Amino acid sequence: MSQRSLFDAEPPAWEIDAQSMVLAATVVLPSGPPGEFDYAIPDTMADPRKPDVYVEPGRRVRAPLGRGNRPVVGYCVAVGPKPSSPSRPLKPLRGVLDPVSLVSPSMLRLTRWMADHYLTPWGQVLEGVVPSGVRGRAGTRDVTLLSVPTKVAARLTGLELPPKQADVLQALAASSKPLSLKQLAMRVGCTTAPINALRKRGLIESRVERLATDGLLAEDVAVERQPAKRLNPDQARTLDTILAAVDAGEHETILVHGVTGSGKTEVYLQAIERVVSFGRQAIVLVPEISLTPQTVGRFRERFDRIAVLHSHQSDVERHRQWRRIAAGDVEVVVGARSAVFAPTPHLGLVVIDEEHETTFKQDTAPRYHARDVALERTRAEGVPLVLASATPSLEAWRCSQPGAPERFRLASMPRRIGDLPMPAVRVVDLRVDGESRGAISRPLYQAMDQALRDDGQIILLLNRRGYSTHVQCPACGYALKCDHCDVAMTFHRQDNAVVCHWCDYRSAPPTVCPDCRSPRIRYGGMGTQKLEAEVNARFRGVSVTRMDADTMRRPGSHETALDAFRHGETRILLGTQMIAKGLDFPNVTLVGVISADSALNLPDFRAAERTFQLVTQVAGRTGRGERGGRVIVQTFDPDHPAILAAVRHDYERFASEELPARRALGYPPFGVMARIIARGASEPLLTAYLDQVAETLKRAVQEAGAKVRLVGPAPAPITRLRGEFRRHLQMHSPSGDAVRAALRAGWLPIKPPEGVRSVVDIDPTDML
DNA sequence: AGCACGCCGACT
DNA sequence: GTCGGCGTGCTC
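Residues numbered from 1 in each chain as written. Chains lettered and ligands numbered in written order. Predicted model: local features only at pLDDT ≥ 70, side-chain atom pairs only at ≥ 80, totals over all residues. Heavy atoms only, no water.

(A) Representation of the domain arrangement of chain A. According to the domain assignment, chain A contains domain 1 (3-135), domain 2 (140-212), domain 3 (218-418), domain 4 (421-464 + 526-662) and domain 5 (672-762). A separation of 39 Å is found between the C-alpha centroids of domain 4 and domain 5. (Domains from an automatic or database assignment.)

(B) Quick peek at the protein's contact with DNA strand C. Near DNA strand C you find Pro33, Phe37, Asp38, Tyr39, Pro64, Leu65, Gly66, Arg67, Arg88, Leu90 and Lys91, and these make up its full shell. Within 4 Å of the protein, the contacting atoms of DNA strand C are 55% sugar and phosphate, with bases supplying the remainder. The contact in question runs from a phosphate oxygen of DNA strand C to an N or O atom on the backbone of Pro64, over 3.4 Å. Contact distances for DNA strand C include 3.0 Å between a sugar or linking oxygen and a backbone N or O atom of Gly66. Among the elements of the structure, strand S2 (36-40) and strand S3 (60-65) are those that each provide at least two residues to the surface near DNA strand C. For the surface near DNA strand C, the class distribution of residues is six nonpolar, one polar and four charged. (Near = heavy atom within 4 Å. Polar contact = N/O pair within 3.5 Å; in protein donor to acceptor, adjacent residues only side chain to side chain. Helix = DSSP H or I, 4+ residues; strand = E, 2+ residues; numbered from the N terminus. Nonpolar A, V, L, I, M, F, W, Y, C, P; charged D, E, K, R; others polar.)

(C) Local environment of the nonpolar core. Ranked by internal contacts, the top residues of the largest apolar core, which has 107 residues, are Phe341, Ile676, Val693 and Leu743. Counting residues per element, this core draws most heavily on helix H22 (residues 683-704), which supplies seven residues. Not counting the four nearest positions on each side in its chain, Ile676 is found in contact with Leu690, Val693, Leu697, Arg727, His728, Leu729, Leu743, Trp747, Ser758, Val759 and Val760. (Core = buried A, V, L, I, M, F, W, Y, C linked by side-chain atoms within 4.5 Å. Buried < 20%, exposed > 50% of the residue type's maximum accessible area, 1.4 Å probe, protein only. Contact = heavy atoms within 4.5 Å.)

(D) Spotlight on the UniProt feature "domain: Helicase ATP-binding" (unreviewed entry) in chain A. On the UniProt side, "domain: Helicase ATP-binding" (unreviewed entry) is annotated at positions that read residues 245-410 here. With 34% helix and 20% strand, the stretch residues 245-410 has end C-alpha atoms that lie 13 Å from each other. (UniProt positions renumbered as here; feature names shortened; annotations may be inferred.)

(E) Quick look at the environment of Glu288. Assignment of secondary structure puts Glu288 in the loop between strand S10 (281-285) and helix H11 (293-300). Along the chain, Glu288 and Gly335 lie 47 residues apart, while their C-alpha atoms are 7.5 Å from each other. Look past the residues within four positions of Glu288 in its chain and what remains in contact with it is His310, Ser311, His312, Ala336 and Thr359.

(F) Region of interest: the protein's contact with DNA strand B. The immediate surroundings of DNA strand B are formed by Gly32, Pro33, Arg67 and Arg70. The sugar and phosphate moieties of DNA strand B supply 54% of its atoms located within 4 Å of the protein. Grouping the constituent residues of the surface near DNA strand B by class yields one nonpolar, one polar and two charged.

(G) Summary view of the packing of aromatic side chains. Throughout the structure, instances matching the rule amount to 10 aromatic pairs. Ring centres of Trp113 and Tyr118 lie 6.2 Å apart, and the angle between their planes is 85 degrees; this geometry places the pair in the edge-to-face category. Accessibility expressed as a relative area gives 3% for Tyr118, which makes it buried. Through a chain of ring-to-ring contacts, three or more aromatic side chains come together here, namely Trp397, Phe612, Tyr651 and Phe654. Directly above the aromatic system of Trp122 lies the positively charged group of Arg112, at a separation of 5.4 Å from the ring centroid. Residue placement shows Arg720 over the ring face of Phe725; its charged tip is 6.0 Å from the ring centre. (Phe/Tyr/Trp six-rings, centres within 6.5 Å; stacked < 30°, edge-to-face > 60°. Lys NZ or Arg CZ within 6 Å of the ring centre and 35° of its normal.)

(H) Fine view of unusual backbone geometry. With omega at -5 degrees, the peptide bond leading from Ala365 into Pro366 counts as cis. For the bond from Pro668 to Pro669, the omega torsion is 5 degrees, close enough to zero to count as cis. The residue Pro669 is located in the loop between helix H21 (651-665) and strand S27 (672-680) in this model. Even without being a glycine, Asn496 presents a positive backbone phi close to 45 degrees. Here Asn496 shows up in the loop between strand S19 (490-492) and strand S20 (497-499). If you check the backbone angles, Asp504 has positive phi at about 65 degrees while not being a glycine. Looking at where Asp504 falls in the secondary structure, it is placed in the loop between S20 and strand S21 (506-507). Taking relative accessible area as the criterion, Asp504 reaches 43% and is therefore assigned partly exposed.

(I) Representation of the pattern of salt bridges within the structure. Counting across every chain of the model gives 42 salt bridges. The closest approach of N and O atoms between Asp563 and Arg566, which form a salt bridge, is 2.9 Å. With Asp563 and Arg566 both in helix H18 (residues 557-566) and three residues apart, the pair spans about one turn of that helix. Judged by relative accessible area, which is 27%, Asp563 ranks as partly exposed. Measuring nitrogen to oxygen at the nearest pair gives 3.6 Å for the salt bridge that ties Arg653 to Glu657. Taken together, the residues Arg653 and Glu657, both in helix H21 and four residues apart, mark about one turn of the helix. Among the residues examined, Arg653 registers a relative accessible area of 26% and is labelled partly exposed. Residue Glu657 is classed as partly exposed on the basis of its relative accessible area, which comes to 37%. Salt bridges sharing common partners tie together Glu266, Glu273, Arg298 and Arg302. (Salt bridge = Lys/Arg side-chain N within 4 Å of Asp/Glu carboxyl O.)

(J) Fine view of the sheet that holds S19. Across the sheet, which stays open at both edges, the three strands sit in the order S19-S20-S21 with antiparallel pairing between neighbours. Of all the strands in the sheet, the pair left with one neighbour each is S19 and S21. Here three bridges tie S19 to S20, and the two strands are oriented antiparallel to one another. Across the sheet, residue Phe491 finds its bridge partner in S20, namely Val498. (Pairing = 2+ DSSP bridges.)

(K) Layout of the packing of helix H2 (residues 105-117) against helix H3 (residues 122-129). Look at H2 against H3: their axes get within 9 Å of each other, and the N-to-C directions meet at 120 degrees. The orientation of H2 with respect to H3, classified from their angle, is oblique. In this structure, the crossing between H2 and H3 has a hand that is right-handed. Of the residues in H3, those in contact with Leu108, Thr111, Arg112, Met114 and Ala115 of H2 are Trp122, Val125, Leu126 and Val129. (Axes fitted to C-alpha atoms, helices over the stretch in contact; angles between N-to-C directions. Parallel < 35°, antiparallel > 145°, perpendicular 65-115°, else oblique. Left-handed = near helix turned anticlockwise from the far one by under 90°.)

(L) The sheet that holds strand S8 (residues 205-212), seen in detail. Read from one edge of the open sheet, three strands run S7-S6-S8, paired in antiparallel fashion. Only two strands of the sheet have a single neighbouring strand rather than two, namely strand S7 (179-180) and S8.

(M) Representation of H18. Extensive coverage of H18 is indicated by the burial of seven of its 10 residues. Buried within H18 we find Ser557, His558, Glu559, Ala561, Leu562, Ala564 and Phe565. Next to the buried residues of H18 lie H11, strand S17 (457-461), strand S23 (544-547), strand S24 (572-575) and strand S25 (588-593). Positioned one or two residues after H18, Gly568 has a phi angle of 80 degrees, which is positive.

(N) View of the UniProt feature "binding site: Zn(2+) 2" (unreviewed entry) in chain A. Look at the UniProt record and you will see "binding site: Zn(2+) 2" (unreviewed entry) annotated at Cys482, Cys485, Cys500 and Cys503. Across 22 residues of sequence, these annotated residues stay compact in space, with a maximum C-alpha separation of 8.7 Å. Relative to the assigned elements, Cys485 resides in the loop between strand S18 (470-472) and S19. Classification of Cys485 as buried rests on a relative accessible area of 2%. With residues near it in sequence (within four places) discarded, Cys485 still touches Cys500, Trp502, Cys503, Arg720, Leu721 and Arg722. You can see Cys503 is positioned in the loop between S20 and S21. With near-sequence residues (within four places) excluded, Cys503 lies in contact with Cys482, His484, Cys485 and Arg722.

Given below as structure tokens:
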């Protein structure tokens, strides 16, 4: 059916109010009312030959909203005929903001899915997905270009003009290309007055063009190209599995479970080469922390045109990359979480490296998980998705096992490249060997001493930054907490201050107990700063580098530190989890885990999984060269299944022990979880609000006969943050749709009172 | 989210 | 009588 016939359709005779069909745009708003609104498209905005003011899906438009017709900006998400009646006519759009569509039809469908899945208004999802630099066309500016019309140029000499104006016209006619107002004034040596006079007379014509303000930015650094590496049998098999999906041209999810050092990267590089040879693009998501020049360099060695997207880019740079990608000028997009929205015109493959990392979950609205969004996107676009990890998330793992609702194909790479052995792991029971009062037990000290004498390098992991992790008074039991948060203050010796790691509140370190004035106040607990001091004291003359959020503040400091370690200028690298992932230094012969159980007692059902991942990942940093490597794991809980499994590099053992426990409690991956977090200055108000939500939710669940279990409301594990109280309510269900239905019926309609903010987190990764 | 509409108290 | 308080509900 042609569009014309829709317009010609007669309104039904029984319709009292004569309806007619008008061309309308459906608009969603980035803030304000969450619904969809239809507006009539004026004829002036329906002409594709006028691209600057053409309304199409994916562009932003100006529209009048409400009885006062206050002007708002929204995203056009659809265009089509809509009924309009004289009693309730559609209001017309006021204008078009974007000269091109910012969101492709497939990306509109994806964001629509996110809006439903995460209970976030569609407009807010779009606002969170289109970078602000793209919206504002950062790095470009409207420039008025002046030229002499050909008709005028022909009779230039016959014109009677004041002297300045004659000069201006002469100069512009002589110019080979159009000039801006400023350029022309400069060339003639006059003000803009005579130029404007000529424009008014029609002797100079002008047009507006959008130009880059800075010309071309520095192009990609040329890197020497490297050929594909030879694959071992495990790698070849895995590549075949991926290529079979690529060649079939269908969606399939492949979980690549390869131990640390098994060469997963080379496999997906070669898979991408195939995809690129078809003229399609690939997206590779990596955790932000590993988006280093080294990682990016590996892609530059293999592909001519890559785009990098990460959160520390300027608006101008992000806009430029976005345009390159959208224009099809890029073969591979490498980026953090948000690169899953890269506007590739012909997507052929998505890879998520270190799939288990929690940084793929965004912790502000829209609270999406890049893995789940990638799954949805690749399914919709009919292309394969590769998830790669040495320690897959249990969510991904379960999907690779029989009986799961979602089926991933599993490709295992159980051996390291070159048949290098996995490093031997020794557990040090701190209940027995922790007598030395410091961070380094005797067995670890001896191993470090040995490694240094053998000319090896050492990595020490301690997942707490600062010097002392708590300040406590033995006399009265007082523990120093942040004034604004329910969190212990950490002493930082470098700044000589106690610091809150959640809100960055700082104050002077107390010398007496603030509560009972006892001078015996104690600074306890081990942070990376104290560990560094201990290493320096016990290994005099050995170069040590500490890597944590405090030493890595400046851009580039990450690279500097790692380069120094790579070149052997640093013998001991110590730090938080940022040193646990992805590093590949063959000379590291010892890894020490100072406290393997530090994350084990967090109030989080994933504590064991996190611990297993962290210990396994950091253990994988050694034994990557011919010299082998060993790992020392210090713990107060040496019999914990997660630590035992990590010690044996045995992922499947960990999974087979942890999954039944999750199943018994209905936790992910066997059930879907949602969390309502409410915060506000008044605790009673919070409690009243969340109790009411719980009540309406309970009723909604009952009426629907749904299997949804409510836990709480209760104070959140961090009861106070930045001066606000926090309470939460958890929901568990075998069905995500049941959870969403309950939230739509029992949470959305309850408006929080003034001073209370309420958010929903679907599939939360963080329980604090 | 913002803004018009509504229905009750102290003022010219 | 009416100016304005902010509770309520709608926005194509």
